[in-house]
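Coordinate inspection notes
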Amino acid sequence: MDLAELNKVANAMVAPGKGVLAADESAGTCKKRFDAIGVESTEENRRDYRELLFRSKGMANISGVILFDETIRQKAKDGTPLAKIIEQAGSLPGIKVDKGTKPLPFYPGEVITEGLDGLRERLVEHRGRGAKFCKWRTVIDIGPGIPSYYCIKANAGALARYAALCQDENLVPIVEPEVLMDGDHDTDRCYQVTELALKALFHELYLARVKLEGMVLKPNMVVPGKKSAKQASVDEVAEKTLRVLKECVPAAVPGIAFLSGGQSDLDATARLNAMNRLGDAPWKITFSYSRALQAAPQKAWSGKAENVAAAQAAFTHRAAMNGLASMGKWTPELEKKAA
Ligand code: 13P
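So, a few notes on the structure that sits alongside this text. (Residues numbered from 1 in each chain as written. Predicted model: local features only at pLDDT ≥ 70, side-chain atom pairs only at ≥ 80, totals over all residues. Heavy atoms only, no water.)

1. A word on the overall build of the protein chain
In terms of helices and strands, the protein chain carries 13 helices and 10 strands. The C-alpha atoms of the protein chain give 19 Å as radius of gyration, which agrees with the globular expectation for 339 residues (20 Å, within 12%). Counting only C-alpha atoms and orienting by the principal axes, one finds that the protein chain spans roughly 50 × 45 × 40 Å. Here the protein chain holds 339 residues, and the buried ones make up 55% of them. Taking as baseline every contact in the protein chain between residues at least 6 positions apart, the subset at least 24 positions apart corresponds to 78%. Taken as a whole, the protein chain presents about 14,100 Å² of accessible surface, with 53% of it coming from carbon and sulfur. Of the side chains in the protein chain, 47 bear a positive and 42 a negative charge, and the two mean positions are spaced by 2 Å. (Helix = DSSP H or I, 4+ residues; strand = E, 2+ residues; numbered from the N terminus. Rg over C-alpha atoms; globule rule 2.2 N^0.38 Å. Buried < 20%, exposed > 50% of the residue type's maximum accessible area, 1.4 Å probe, protein only. Contact = heavy atoms within 4.5 Å. Areas by Shrake-Rupley, 256 points an atom, 1.4 Å probe, with all protein chains shown as cover. Lys, Arg positive; Asp, Glu negative; His and termini not counted. Charge placed at Lys NZ, Arg CZ, Asp CG, Glu CD.)

This is the structure we're talking about:
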């Protein structure tokens, strides 16, 4: 393991003004997104859509792109590997290496992320295709009687094993313990579960001897469930999210790159911005968004070649707004100016 190199890559991923584009939707998730805009989810359409993102000006604000297994093997229309196009844009290619979630036996309503078998061999392969970092996502749902501690601990253990393997193969692990925002719980319940998940995670990372200087954490923000009657202000989310992270995340971690998790585009940007305005955090704070970066370009594109420029403009705008938010320099007026 080359810790100096891992640390360099991790720092580049969270450089001020930049963040990560999560473009690693599985074939199933991609179909869902394409269904919503009336586009057939063929391999070619998935390639064309992602190619338009990777060739857009918005890449100036994208430090790294998380790819799906299919995408890291794909070539652009002109034959250039998509990973190469990302590099040419000055960004780092990364790869999602988990194999998705499966029901956790005897724990109804809870899931465990799979994919540890054969992982070292897959990491070596992906490194050969240009990957500099990886992602593994675990999912913790909040509901009546859940999450169980067992679910949190089992998923944290898998994340730690994945992270150690990545570092041993000189790849930076993005460590993602996502607490979902699907329920009707309030912000404080999200805080409590996020705290437990992060405490358990850093304990497992320690036991696995993962080097914190060579990883990036990808957490959820502390938000109320989508079905909660009690929604939260931007300031409340920023303050509570920063508080739980300071309680749980050691300063040796170079950076925190949030998932958007179903927040609106504007909420995801405003809340990230507010956290950076509060300042005094020991780590860089930025984005690793899928939906909050891609909803607008997907809608603008709608599968039509004549809409490529409009889709690229929509993506470039969201990347720029989130780039500003990563430095606490975003304002709502900047959104209006561009609209
Ligand atoms: P969202 O920003 O849509 O939550 O996706 C981020 C991600 O990569 C989840 O694993």
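2. Examining the nonpolar core
Counting 91 residues, the largest nonpolar core has Phe-54, Tyr-162 and Phe-202 as its most contacted members. At 10 residues, the largest contribution of residues to this core is made by helix H7 (residues 149-168). (Core = buried A, V, L, I, M, F, W, Y, C linked by side-chain atoms within 4.5 Å.)

3. Examining the pattern of salt bridges
Tallied over the full model, the rule gives 30 salt bridges. Across the salt bridge formed by Asp-168 and Arg-120, the nearest N and O atoms sit 3.0 Å from each other. Note that Asp-168 is positioned in helix H7 and Arg-120 in helix H6 (residues 119-128), a separation of 48 residues in sequence. Looking at Asp-168, the relative accessible area reads 41%, which means it is partly exposed. The partly exposed category is assigned to Arg-120, whose relative accessible area is 32%. (Salt bridge = Lys/Arg side-chain N within 4 Å of Asp/Glu carboxyl O.)

4. Focus: the site of the ligand
With respect to spatial proximity, 13 residues lie near the ligand, and among them Lys-135, Lys-218, Ser-260, Gly-261 and Arg-291 are the closest. Here Glu-176 contributes a side-chain N or O atom positioned 2.9 Å from an oxygen atom of the ligand. Across the complex, the protein chains shield 94% of the 300 Å² of accessible surface that the ligand would expose by itself. Within the residue set of the shell around the ligand, elements represented by two or more residues are strand S6 (133-140) and strand S10 (284-289). Partitioned by chemical class, the residues of the shell around the ligand number 3 nonpolar, 4 polar and 6 charged. (Near = heavy atom within 4 Å. Polar contact = N/O pair within 3.5 Å; in protein donor to acceptor, adjacent residues only side chain to side chain. Nonpolar A, V, L, I, M, F, W, Y, C, P; charged D, E, K, R; others polar.)

5. Focus: the packing of aromatic side chains
To describe a pair of aromatic rings, you give the distance between the ring centres and the angle between the ring planes. If you walk through the whole model with that rule in mind, you get 6 aromatic pairs. Between the aromatic rings of Phe-34 and Tyr-49, the centroid separation amounts to 5.8 Å while the plane-to-plane angle is 85°, which identifies the pairing as edge-to-face. With Phe-34 in helix H2 (residues 27-36) and Tyr-49 in helix H3 (residues 43-54), the pair connects residues that are 15 residues apart, well separated along the chain. Grouping residues by exposure puts Phe-34 and Tyr-49 together as buried. Geometrically, the ring pair formed by Tyr-107 and Tyr-150 is stacked, given 5.1 Å between the ring centres and 25° between the ring planes. Here Tyr-107, found in the loop between strand S4 (101-103) and strand S5 (111-113), pairs with Tyr-150, found in helix H7; they are 43 residues apart in sequence, far enough to count as distant. On the basis of relative accessible area, Tyr-107 is assigned to the partly exposed category, the value being 29%. Through successive ring pairs, a cluster of aromatic residues spans Phe-34, Tyr-49 and Trp-301. (Phe/Tyr/Trp six-rings, centres within 6.5 Å; stacked < 30°, edge-to-face > 60°.)

6. Some remarks on the pairing of S6
Most of S6 sits out of view: 7 of its 8 residues are buried. As defined by bridge partners, strand S3 (residues 92-96) adjoins S6 across 3 bridges and the pair is classed as parallel. Its bridge partner lying in S6, Ile-95 is registered against Cys-134. Pairing between S6 and strand S7 (residues 172-179): 8 bridges, direction parallel. Bridging from a neighbouring strand, Ile-140 pairs with Val-179 of S7. In this view, the connection linking S6 to its parallel neighbour S7 by way of H7 has right-handed handedness. (Pairing = 2+ DSSP bridges. Right-handed = clockwise from strand over helix to strand, strands pointing away.)

7. Regarding the packing of H7 against helix H8 (residues 187-207)
Between H7 and H8, the least distance of the axes is 8 Å, while the angle of their chain directions is 40°. Considering the angle they form, H7 stands oblique to H8. Read as a crossing pair, H7 and H8 show a hand that is right-handed. Contact with H7, carried on its side by Tyr-149, Ile-152, Lys-153, Ala-156, Gly-157, Leu-159, Ala-160 and Ala-163, involves Leu-196, Ala-197, Ala-200, Leu-201, Glu-204 and Leu-205 of H8 and no other residues of that element. The residue inventory of the contact of H7 with H8, partitioned by class, reads 11 nonpolar, 1 polar and 2 charged. (Axes fitted to C-alpha atoms, helices over the stretch in contact; angles between N-to-C directions. Parallel < 35°, antiparallel > 145°, perpendicular 65-115°, else oblique. Left-handed = near helix turned anticlockwise from the far one by under 90°.)

8. Notes on H6
An α-helical turn contains 3.6 residues, so a residue and the one three or four places further along point in the same direction. For H6, the set of buried residues is Leu-119, Arg-122, Leu-123 and His-126. Taken down its axis, H6 places every buried residue within 105° of arc, on the same side. Along H6, exposed side chains directed more than 90 degrees from the buried face belong to Glu-121 and Gly-128. Where H6 is buried, its residues touch helix H4 (69-73), S3, S6 and H7. (Arc of directions from axis to C-beta.)

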